[in-house]
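Chain by chain, the residues:
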Amino acid sequence: MAYNMSIGYLPSGPAVPDWLNKGDNAWQMISATLVGMQSVPGLVILYGSIVKKKWAVNSAFMALYAFAAVWLCWVTWAYNMSFGHKLLPFWGKARPALGQSFLIAQAVLPQTTQYLKDGLTVETGWINPAYPMASMVYFQCVFAAITLILLAGSLLGRMNIRAWMIFVPLWLSFSYTVGAFSLWGGGFLFHWGVMDYSGGYVIHLSSGIAGFTAASGRGPPRTGRGSHPITLLVWTCLDVIFFKKPSVIGAVQGVITGLVCITPGAGMVQGWAAIVMGILSGSIPWFTMMVVHKRSKILQHVDDTLGVFHTHAVAGFLGGVTTGLFAGPVLCSLFVPVTNSRGAFYGGSGGMQFLKQVVGALFIISWNVVATSLICIVVGLIVPLRMPEEELAIGDDAVHGEEAYALWGDGEKYDSSKHGWYSDNEGTHHNTAPSGVTQNV
């Protein structure tokens, strides 16, 4: 029976190469789309709703701009800096990922062949998935984009939007690509056997440290620090015990930060270990935010808008080192290029694995502190990093010429810095700022 269809839809032929697994390809693209939706509309909506009304437009736009800018930079040069041929032990060679011959070929990470100590015997072959390079580029792009958007959480309502527009491509090129290549693309940490299954170090630790570093150069906070709880159950219980009030915003962020802790070991730890990691990620970051932060003059001086340092840097580091404790040998054999890898809990070489995880984290921390600091210096030479005081006082209307949630009046401009705080329930004005978990944003 003859097929009445174009050649692209035939069950076999040049459009369906032998190496292509349609199920793998479909799931890879679905997974990428789901991660992309975490950013747009996910974090765009979260940022626009978690901050004060006067920063809703600015916060949502910072996230949306980062998502769009990363896409352009990624396919133009950054993908191959992260997953291409080696330039340095921690960096790939920059080149476009746009040509048809490149995108429809079978996906491959060229630097991932693992050799034994003799340098000749292959220990683990290179990564060569059963889907096209276009799917790989797409999949890794959304991870790069969400990293910049998470970083923006430290800078919402503070950084000059023009500075942010310059900062995004620079940080992607000189910071994110280094971590991605080192741990995922075949760099020195990959071949040493440092584990980061889905971005605890590459995404969360780097965004938390970079956000903290960038925020540290923008002066002290404008108002007091609020509470941003992390792990849904543990942190909410601690809030109720010590502060008598559960936070809805904290519960939402707790779900997110539970994800942060498990990302390094998601494919390499068993269920019981994941529960232990969840308990730890609810208590330790709670302690750093609610106790250490309030007692540390250094932390209080840093204007980290949404507390990204605690929710991503602390939880990401914790996830990485606990993966070094609980990674199972059987699961490691499926994903780690170094054979016989395992967590310290399983004995053998596990103690060395814990050390590797700590060293890998220290490299990501050090690189992000230095690279982000230099990028901020360069950006600061072009435009001011921090918004002018007038814009900080007024908000979106001064920065973008528009406001979100036009609930006060009908098209009227309401300047809280001049008129005080208005209460619809009481019909009165107040000159003091409201209290609550987001009072500092």
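Everything that follows concerns the structure shown earlier in this document.
Scope of this entry: the structure provided in the associated data block. (Residues numbered from 1 in each chain as written. Predicted model: local features only at pLDDT ≥ 70, side-chain atom pairs only at ≥ 80, totals over all residues. Heavy atoms only, no water.)

Considerations on the overall build of the protein chain
Next, step 1: Along the protein chain, the regular secondary structure elements total 17 helices and six strands.
Next, step 2: Counting every position in the protein chain, which comprises 441 residues, the buried fraction comes to 51%.
Next, step 3: On the protein chain, roughly 19,900 Å² of surface is accessible, and the fraction owed to carbon and sulfur atoms is 67%. (Helix = DSSP H or I, 4+ residues; strand = E, 2+ residues; numbered from the N terminus. Buried < 20%, exposed > 50% of the residue type's maximum accessible area, 1.4 Å probe, protein only. Areas by Shrake-Rupley, 256 points an atom, 1.4 Å probe, with all protein chains shown as cover.)

Notes on a nonpolar patch on the surface
Next, step 1: On the surface, a cluster of nonpolar side chains totalling about 680 Å² of accessible area is made up of V369, V370, L374, I377, V378, L381 and I382.
Next, step 2: With respect to the secondary-structure elements, V378 resides in helix α14 (residues 350-382).
Next, step 3: You can call V378 partly exposed: its relative accessible area is 41%. (Patch = residues over 30% accessible without salt bridge, like charges linked within 9 Å, V, L, I, M, F, W, Y side chains within 5 Å. Salt bridge = Lys/Arg side-chain N within 4 Å of Asp/Glu carboxyl O.)

Considerations on the side chain of S82
Next, step 1: Within the secondary structure layout, S82 lies in helix α2 (residues 56-83).
Next, step 2: Among the residues examined, S82 registers a relative accessible area of 0% and is labelled buried.
Next, step 3: A polar side-chain atom of S82 sits 3.1 Å from the main-chain carbonyl oxygen of A78.
Next, step 4: Discounting residues that sit within four places of it in the chain, S82 has contacts with W74, Y176, T177, A180, F181 and G185. (Polar contact = N/O pair within 3.5 Å; in protein donor to acceptor, adjacent residues only side chain to side chain. Contact = heavy atoms within 4.5 Å.)

A few points about the packing of aromatic side chains
Next, step 1: Taken as a whole and judged by the stated rule, the model has 22 aromatic pairs.
Next, step 2: Plain terms: the ring middles of W74 and F83 are 6.4 Å apart, the flat faces sit at 75 degrees to each other, and that makes the pair edge-to-face.
Next, step 3: With a centroid separation of 6.4 Å and 75 degrees between ring planes, the pair formed by W91 and W367 is classed as edge-to-face. Taken together, the positions of W91 in strand β2 (residues 91-92) and W367 in helix α14 put the pair 276 residues apart, joining distant regions of the chain.
Next, step 4: A residue is classified by how much of its surface remains accessible, and W91, at 14% relative accessible area, is buried.
Next, step 5: We classify W367 as partly exposed; its relative accessible area is 26%.
Next, step 6: Members of the aromatic cluster, connected to one another through ring pairs, are F90, W91, F174, F188, F363 and W367. (Phe/Tyr/Trp six-rings, centres within 6.5 Å; stacked < 30°, edge-to-face > 60°.)

Observations regarding the environment of A313
Next, step 1: You can see A313 is positioned in helix α12 (residues 308-326).
Next, step 2: Distance from A313 to V260, taken between C-alpha atoms, is 8.9 Å for residues 53 residues apart in sequence.
Next, step 3: Sequence-distant contacts of A313, defined by excluding residues within four places in its chain, comprise H204, L205, G208, I209 and V308.

Quick word on the packing of helix α7 (residues 200-216) against α12
When two helices pack together, their arrangement is given by the angle between the helix axes and by the axis-to-axis distance.
Next, step 1: Viewed as axis vectors pointing N to C, α7 and α12 meet at an angle of 145 degrees, and their least axial separation amounts to 8 Å. In terms of crossing hand, the pair formed by α7 and α12 is left-handed. Only V308, F309, H312, A313, G316, F317, G320 and V321 of α12 make contact with α7, whose side of the interface consists of G200, Y201, H204, L205, S207, G208, I209 and F212.
Next, step 2: A per-class count over the contact of α7 with α12 returns nine nonpolar, seven polar and no charged. (Axes fitted to C-alpha atoms, helices over the stretch in contact; angles between N-to-C directions. Left-handed = near helix turned anticlockwise from the far one by under 90°. Nonpolar A, V, L, I, M, F, W, Y, C, P; charged D, E, K, R; others polar.)

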